Amino acid sequence: MTGFKFLAGNRVRISDDFFWAKGAVGTISEPPDAVLAISGAWDGNLVQEEVSALGSHRVYWVWFDEPQLDADGDGPYSGGQIWESALTLLKTSVN
């Protein structure tokens with residue numbers, strides 16, 4: 001994989017239509033060591049191709065501003081893997 005849509009430190013919003021963390025706001029980051037220990041290395045330490053029953057999706061790690069419950073109501077979680085297609089870059093103001 002090459003060409004990242006988001007960079008570490010980008011502020012993003014998760015789609016209201018995503019299956020969890022709907023409408024949450026957070027920050028793109030490298031995944032934590034505990035995640036890397038399970039998933040292995042991420043491309044550029046930033047993205048991974050996630051293959052599940054829901055299909056194949058490019059994911060980023062997002063640290064949430066407010067902890068979120070997952071689709072089963074478990075959590076709350078401080079961060080998680082979020083599909084690239086569910087993320088929108090938030091504009092930042094420049095003084």
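Up top is the structure these notes are about.
Now for a look at the structure at hand. None of the values given here were measured: they were computed from a predicted structure.

1. Overview of the overall build of the protein chain
When you go through the protein chain residue by residue, the secondary structure sums to one helix and six strands. What you see in the protein chain, going N to C, is helices and strands ordered as β-β-α-β-β-β-β. Here the C-alpha radius of gyration of the protein chain, 13 Å, is about what a compact globule of 95 residues would show, namely 12 Å. Among the 95 residues that make up the protein chain, the fraction classed as buried is 33%. In the protein chain, the share of contacts with a sequence separation of at least 24, taken over all contacts with a separation of at least 6, comes to 54%. A total of about 5700 Å² of accessible surface is found on the protein chain, and carbon and sulfur atoms cover 52% of it.

2. Focus on the nonpolar core
Nonpolar side chains in soluble globular proteins tend to be buried together. In this structure, I14, I28, F64, I82 and L87 are the most contacted members of the largest nonpolar core, which totals 21 residues. Secondary structure elements with two or more residues in this core: β1 (11-14), β4 (55-68) and β5 (77-83). Counting residues per element, this core draws most heavily on β4, at five residues. Residues within four places of F64 in sequence aside, it is in contact with I14, W20, A21, A24, V25, G26, Y77, S78, G79, G80 and I82.

3. Describing the pattern of salt bridges
Per the stated rule, a full pass over the model turns up three salt bridges. Two residues, R13 and D16, come together in a salt bridge whose shortest N-O distance is 2.8 Å. Its relative accessible area of 31% is what places R13 among the partly exposed residues.

4. Observations regarding the layout of surface pockets
Counted as a void, the largest pocket has a volume near 210 Å³. As for the largest pocket, its lining consists of F19, W20, E50, S52, L54, W61, D70, A71, G79, G80, Q81 and W83. For the lining of the largest pocket, the secondary-structure elements that each account for two or more residues are β3 (47-52) and β5. Ranked by the residues each element gives to the lining of the largest pocket, the list is headed by β5, at four residues. Counted by class, the lining of the largest pocket contains six nonpolar, four polar and two charged residues.

Analysis parameters
Residues numbered from 1 in each chain as written. Predicted model: local features only at pLDDT ≥ 70, side-chain atom pairs only at ≥ 80, totals over all residues. Heavy atoms only, no water. Helix = DSSP H or I, 4+ residues; strand = E, 2+ residues; numbered from the N terminus. Rg over C-alpha atoms; globule rule 2.2 N^0.38 Å. Buried < 20%, exposed > 50% of the residue type's maximum accessible area, 1.4 Å probe, protein only. Contact = heavy atoms within 4.5 Å. Areas by Shrake-Rupley, 256 points an atom, 1.4 Å probe, with all protein chains shown as cover. Core = buried A, V, L, I, M, F, W, Y, C linked by side-chain atoms within 4.5 Å. Salt bridge = Lys/Arg side-chain N within 4 Å of Asp/Glu carboxyl O. 1 Å grid on protein atoms, 1.4 Å probe; cavity = no way out; pocket = protein on both sides within 12 Å on 5 of 7 lines; lining within 4 Å. Points joined across faces, edges and corners; volume = space filled by probe spheres on them. Nonpolar A, V, L, I, M, F, W, Y, C, P; charged D, E, K, R; others polar.

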